[in-house]
Every structure is written in structure tokens, then in C-alpha cells.
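Chains, contacts and geometry: an overview
The residues making up each chain are set out below.
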Amino acid sequence: MAYEWHRPLERKWLSFTLFTTLAVIVGGLVLLVPPFFLQGTIEPIDGVRPYSALEQEGRDIYVRESCYVCHSQQVRPFKSETDRYGPFSTAGESVYDRPFQFGSRRTGPDLARVGGKYPDSWHWLHFEDPRNIEPRSNMPGFAFLTTSDLDLSQTSRKLEVLRTLGAPYGDAEIANAREDAESQMQAVAESLRRDGIALTEQNARSEAIALIAYLQGLGRAIQREPMRSAGLAPSELR
Amino acid sequence: MSAVSADSDAGGGAGAVVQYDMGVVRGFALSSLLWGLVGMLVGLLAALQLAWPELNWGPYLHFGRIRPVHTNAVIFGFTLGVVFAGSYYGIQRLCRVRMFSDTLSRINLWGWNAIIVAAAVSLLLGRTTSKEYAELEWPIDIAIAVVWVVYAVNVFGTLARRREKSMYAAIWFWVATVITIAMLHIVNSMALPVSWMKSYSAYAGVFDANIQWWYGHNAVGFLLTTPILGLMYYFLPKQAERPIFSHRLSILHFWSLIFIYIWAGPHHLIYSPLPDWAQTFGTAFSVALIFPSWGGMLNGLLTLRGAWHKVRTDPLLKMFALGLTFYGMSTFEGPMMALKTVNSLSHFTNWTIGHVHSGALGWVALTCFATLYYLIPRLWHTKLYSLALAEAHFWLATLGIVLYVTPMWISGVTQGLMWRAVNEDGSLTYTFIETVAAIRVYDMIRAAGGAVFVAGMLVMLWNVFMTIRQGTAAAPEPSPALTPAVAGGR
């Protein structure tokens, strides 16, 4: 019998298990270990910085609502993609992304370079009801984000954990995380009001503000400065 | 002729009588049916939401939160439930001993189901790591690791005390599952907690992606392939009353499958910022994966040689046979999608979702259904209430799969082509929203396919309910039964 050699293995559960472990471990070692030593993929490229306190909070909301199930953040190196979304994604851009948000399905468009593509007010109206902006959109409405209080009680702690993992936050940034976030919130709220969005006090401290701050920062290191205010009436934004 | 004979819970042979623990098998059989229904209904809701966005409700029931509930419920609640049930049933008989520890079996059963409840609740509350098929936050991840170790100790303890010299192929596939899932889960779940239900990944950016898709791809390999092959290796020969076609082929395709599978993860990251050499490994090993995959398919289908007349009348064998056919089909389709040229078109489109479901509904669910139809009458010591209803389930499932997968192929290719279409002057032909509008009708057909598949599930639940009602969990008097399983032979 050509396969007699296998018989002892079938009779010894421990040897069988060890060989199985060996068989499944090799590929993982080859694929997972070397990238850690490849400098080119580790160093942040020029202009890439850790997220601001408010952007990180916005990012956590993006993760919480699982936006990645419909939006990728990974522009592929094809002309059709760079024409539509902007420069293709590079490894150095996502060094502060925990977790990564490449996504796997574009039910909606890629967001890697959405920062600055639309004014803040566009995002606000779009969250309230995407069909405000585009009647054919199948995105869920996220109106609840425009009224839910943004929780800043953990922000310092979050930045501290991210620093432990390698993000170069200074002591002051961590200590003042809450204040920084609040002042950035005011800036976003002001730009919304400038565009004619009637924000209540509740709206102005809502989670949507943080999410807008996050989205407006996406891809900024490589692309244009963000468009903060359109100087247009909401009706003209549609 | 079919899955309808009563069975004793005893075995052993050689004079000794062993009382097998069928309680844990009954528990997992029932919990898998419950999670199967929940997971499929939630999947149907998700499909409907894509076609009719007004079906998204508030913070808890929008597509973003619903979709991970669907995947977790069907993978970890339904499929793994059947795997636990089938492996606890098969391992005891193939080893001719009771499971190593009844206590561990109970911890496995209740612990695992508590985890699925925690998963469903926490995901609806937005507690997610956003890693696909590994979304659960760190306390649940720790619980998963503990329960998995309990299962591992129980399995290896049983193997160590077995009274059958050789371990049959089904056991190999379950052993590979136990080992590999532990490795994948622990490495991919590494994170630093911020608070009770929030953590940040230990890895960042492209490394995180690399490790996540090593996990994600091999979760398909070692949750939706190897343990299901284990079910196929045990229950198909039993039901067909034929020994497995080739022991040699089992050896060959087992070792090559588990070795090659691990390398193919980067095919999820083609044209991403992942280093090119890693992407190339992903493509090359994906193509190589056709051979061991088809080895498994052929070993199963050829086991039916001389038994095809049974397939005509036996819905269980129909499910096994069509399941293997879908396995062969999707393990051909997958490698094709891992080719850079094809991937540039298929990636990010519905084609991927269609591919996953031809495997998940076609291969995994059909094999799990057949396993449950085999188990339920034996676990409750009766005959299946209705073979005709099982036959109806088979046809509903088949129709549902076709209605699901076909529009996904069409819409995937359509949208992929529209994204890249350019005018004569080189400018893009379509806006993104035009590509969304173009596939809406296919999303509707796909939801209809899902509804038909769920209808089949409801037929099954009725059949199971009536079977259990006419049966009893208490075993008939044990006899020094002769178990040398058909499957346990060479």
C-alpha cells in the first residue's frame, strides 16, 4: 500500500495534531512576519498625522455604525479609480488606523479621499436623510447621530491607549483632549451655521459633528485642503 | 434507504457497551436551528434594506449593525452549532468512547450559546471591532477562546482514550479546525482595551488588514470548509451506506488543503497597499487550492458511485450531492476571482457576495441541513416525520440559491464594468449613483431568493418539530450494539 506511511499518524493523535499544527503555521509565518520588518510600509508619509481628538471620536462612530460594510477606504491604482476618487492609497497613509477600514464592498463610494470633497453642511444634510441629497441613494438615514450627545469622557484615555500602541501624541494633547475636541466641535458647528443649517445646542454637541470632522480629514495628507463652508444655501447643495 | 431509522445511543463493540452522550448533540442541533432561523431572517432584512432603504430603523436596526449580526448568527450560531453537534456525535462513535468529560460538553454547549447571545446584543448596540467575522469586542473574544479550549480539551481527551485504533478522516478535519481556529482567533483578536466594550487593534493599517484577511480567509477555510468536510466524511458514507471512495485521496487532499489554505488570505487585498509579493502569494496559492478542494469534492461524489439510484429518492443524499457540487463550483470560482485581472473587476462588487453565498448556502448550509436531517430522528429515537417535506426543503433551498447567486453575478459584473467605463475622451461614463441605481433590481431578486431559502428553513423547522414530538430523548435499552461504522471502515 502506497500510503502505509500515513498509518502510524492515524493511530497517534498527538503526532497527528503536531503535524497539523506545523502544516497550518508555515503560511502564516511567511505572510505575517516579514511585513513588520519592511520599513517602507511602516513609516508614515509626509503630512500623515495622528487623528485629532474629535476626529478619533468620529472615527470610533464610523466604526460603531460599521460604515465599512458599504464604504471602502482603499483607492486602487487604476485610472478609473483615481479619476473618480483621487490618488491611489498607500501603506504610509493608514499607519494610525486602528482598526484599518479598507472595506470589502462598495455599496456606496470609496471614502479614502472624501475629506474636503463636500462642505460640512452637505454631510449634515446627507446624514439627516441621504435622499435629501440624492433620491436614488440606498444609504440608511443617520438622523439619530445629529441629536445624540457625543461622549467625550473617554477621549483622553483613548488617545493614551493609542499612544501606547505607537501614535505620537504629546502629553498636552492627551491632557487637553476634551478641550481640543470641544473647540473643534465649535468650529464645525460654526461652519454648518454659516451654510444656513439651523443647529440647536443639542445638534451642536452631537455625534454627527465628530463624524463630519473625521470624514473631512480623510485623505487630506495627499489631497486638497478640506472645503469647510460652501457659502451656499442648503437648497443649492442638492 | 434514508435517514429514518431509529438508533441506539450505545456502542462500543468487542463486548463492551458504551453509553454515548447524546445530550450535548441534541442541544447543539436545536440551538443551531434557532440561530439558523434568526441569522437567515436577519440576512433577509439586510437584503431588503439594500433595495428599500426605508427599511432601516434608527440606531439599532440599520444595515451597518444588521449585517454583522447576520454573519455572526449564521457562521457561529448555525454552522458551528451543526459542527459541534456533528463532531460530538461522530467523534464518540468513531472512537467508541463517550466524550472525555460531560462537564466540558455542557460548558461548551451553554458557553457557546451565551456567546452568540452576547454577540447579537453587543453588535446591535454598536460594540464592534469592525473586523469582518471577528467583530466581537475583547471580553467576548476571551470567552470564545476559553470555550474553544474547552472543546479542544474535550476532543483531544476523547481521542486519547479512544478504543478504535485508527482515526478516520472526519476526525482529521475536525482536529485541523480545533487547532487552526484557536491560532487565527487569538492572533487576530489582539487589542488594547480602552474600556469594558471598546478596544483598539494591536495592529495598524496595512498590517491590520494583512492579519485580518489571514484570519478572514482562513475562517472560511477552517469554519466553513474543513469542519463541513468532516461532516461530509462522516455522514455522507453513513447515509449512502457506502465506504468513502478513497482513503488515499483523503490523505492527499487533507494535508494539501490545510497547508495551502493558509497562504491564500492576501487575495482579499489585491491592488491594496499590501506588498506586492504577498498579494502574489495570495493569488498563486488560491489557484493551487483548486486541486485539494476538488479532491474533497470528488472523494465525496465518487462515494455515491453505485448509489445514485438512492440519490433519486433520498433528499439527504440530494443535499450532500448538490452541496459537494456547489463546493466544487465555488472553489473554482474563488481562485478565478483571485487572479489580478478578474479581481480588478470583481472586487468591491456583489460578485463577492454571490461567491460567498454559493459556498455558504450551497455547500455549507445544504451539508448542515443533511447532517441535521440525519441526526434529529436518531437523537430522538424515531423516524423523520416527513421525507416529502425534506424533499420540498431541498427544492426550495436550490431555487433560493439560484435566485440569490445569479443576480449577484449579474449585478457584480454590471457594476464592475460601469465603474471602469470611460467615454471616448477618457472621462468616466457613469457617476457612482448611476451604478447603484443600475443594480437595484438585482438586489430585489436576490432578496426574493433569500426569502425562498428562508421558506425552506421554515419547512425544515416544522419537520423537525413534528419529528421531535413523535420521538423521545430517552434511549431505548442499550444492546451490545455493533457499531463498526461504515464510515469508520477503510
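Residues numbered from 1 in each chain as written. Chains lettered and ligands numbered in written order. Predicted model: local features only at pLDDT ≥ 70, side-chain atom pairs only at ≥ 80, totals over all residues. Heavy atoms only, no water.

When helices and strands are tallied, chain B shows 17 helices and four strands. By the compact-globule yardstick of 23 Å for 490 residues, chain B fits well, its C-alpha radius of gyration being 22 Å. Dimensions of chain B, computed from C-alpha atoms along their principal axes, come out at roughly 85 × 50 × 45 Å. Considering chain B as a whole, with its 490 residues, one finds that 66% of them fall into the buried category. Counting every atom, chain B has about 15,900 Å² of accessible surface; 72% of that belongs to carbon and sulfur. With 29 positive and 21 negative side-chain charges, chain B shows a separation of 12 Å between the mean positions of the two kinds. (Helix = DSSP H or I, 4+ residues; strand = E, 2+ residues; numbered from the N terminus. Rg over C-alpha atoms; globule rule 2.2 N^0.38 Å. Buried < 20%, exposed > 50% of the residue type's maximum accessible area, 1.4 Å probe, protein only. Areas by Shrake-Rupley, 256 points an atom, 1.4 Å probe, with all protein chains shown as cover. Lys, Arg positive; Asp, Glu negative; His and termini not counted. Charge placed at Lys NZ, Arg CZ, Asp CG, Glu CD.)

So, about the nonpolar core. Across soluble globular proteins, nonpolar side chains show a tendency to be buried alongside one another. Formed by 158 residues in total, the largest nonpolar core has its most connected members in B:V25, B:Y89, B:W112, B:Y233 and B:F369. No other element matches helix α2 (residues 63-95) of chain B, which puts 17 residues into this core. The contacts of B:V25, once residues within four sequence positions are left out, are B:A85, B:Y88, B:Y89, B:Q92, B:L375 and B:L379. Ranked by size, the runner-up nonpolar core spans 48 residues in total, among them A:V114, A:F142, A:L159 and B:V194. (Core = buried A, V, L, I, M, F, W, Y, C linked by side-chain atoms within 4.5 Å. Contact = heavy atoms within 4.5 Å.)

A word on the packing of helix α7 (residues 226-240) of chain B against helix α10 (residues 290-303) of chain B. Residues and elements named next belong to chain B. Running from N to C, α7 and α10 cross one another at 10°; their axes reach a closest spacing of 10 Å. Here α7 is positioned roughly parallel relative to α10, judged by the angle of their axes. Two secondary-structure elements touch here, α7 through M232, Y233, L236 and P237 and α10 through G296, N299, G300 and T303. Among the residues making up the contact of α7 with α10, the classes are represented as four nonpolar, four polar and no charged. (Axes fitted to C-alpha atoms, helices over the stretch in contact; angles between N-to-C directions. Parallel < 35°, antiparallel > 145°, perpendicular 65-115°, else oblique. Nonpolar A, V, L, I, M, F, W, Y, C, P; charged D, E, K, R; others polar.)

If you look at the interface, chain A gives 84 residues, while chain B gives 95 residues. Summed over both sides, the interface between chain A and chain B buries roughly 7,900 Å², with carbon and sulfur atoms accounting for 68% of that surface. When residues of chain A are sorted by the area they lose upon contact with chain B, A:W13, A:L31 and A:R84 head the list and together hold 9% of the total. Summed over the shared surface of chain A and chain B, the result is two salt bridges. The shortest N-O distance in the salt bridge between B:R65 and A:E65 comes to 2.7 Å. (Buried area = accessible area lost by both parts, 1.4 Å probe. Salt bridge = Lys/Arg side-chain N within 4 Å of Asp/Glu carboxyl O.)

A few words now on the pairing of strand β3 (residues 191-195) of chain B. Residue and element names in this part refer to chain B. For β3 and strand β4 (residues 198-201), the ladder comprises four bridges, and the chain directions are antiparallel. Residue pairing in the sheet places P193 in a bridge with S199 of β4. What sits between the antiparallel neighbours β3 and β4 is a turn of two residues. (Pairing = 2+ DSSP bridges.)

Quick look at the confidence of the model for chain B now. Residue and element names in this part refer to chain B. Here chain B averages 94 in pLDDT, and 94% of its residues register 70 or above. Between residues 1-6, whose pLDDT stays under 50, and residues either more than four places distant or in other chains, the model counts 23 contacts. This prediction of the complex comes with two scores: 0.94 for pTM and 0.93 for ipTM. (pLDDT = per-residue confidence, 0-100.)

With that settled, the discussion passes to the side chain of B:N72. Residue and element names in this part refer to chain B. Considering the arrangement of structural elements, one finds N72 in helix α2. At a separation of 2.8 Å, a polar atom in the side chain of N72 contacts the main-chain carbonyl oxygen of P68. Separated by 3.0 Å, the side chains of N72 and E135 make a polar contact. Residue contacts for N72: discarding those within four places in its chain leaves G77, L123, E135 and L136. (Polar contact = N/O pair within 3.5 Å; in protein donor to acceptor, adjacent residues only side chain to side chain.)

Turning next to unusual backbone geometry. In this chain, A:R98 is followed by A:P99 through a cis amide linkage whose omega measures -5°. Here A:P99 shows up in the loop between α5 (79-85) and α6 (120-128). A positive phi angle, close to 70°, is found at B:F348, a residue other than glycine. Residue placement: B:F348 occurs in the loop between α13 (340-346) and α14 (350-379).

Moving on, we get to the packing of aromatic side chains. What characterises a pair of aromatic rings is the spacing of the ring centres plus the angle enclosed by the ring planes. Summed over all chains, the structure comprises 42 aromatic pairs over all chains. A centroid spacing of 5.3 Å and a plane angle of 65° characterise the contact between A:Y62 and A:Y214, whose relative ring orientation is edge-to-face. Of this pair, A:Y62 sits in helix α4 (residues 53-64) while A:Y214 sits in helix α12 (residues 207-217), placing them 152 residues apart in sequence. With respect to class, A:Y62 is no different from A:Y214; both count as buried. These aromatic residues form a ring-pair network of at least three members: A:F16, B:Y168, B:W172, B:F173, B:Y233, B:F254 and B:W255. The side chain of A:R106 reaches across the aromatic face of B:W419, ending 5.9 Å from its centre. Directly above the aromatic system of B:Y89 lies the positively charged group of B:R93, at a separation of 3.9 Å from the ring centroid. (Phe/Tyr/Trp six-rings, centres within 6.5 Å; stacked < 30°, edge-to-face > 60°. Lys NZ or Arg CZ within 6 Å of the ring centre and 35° of its normal.)

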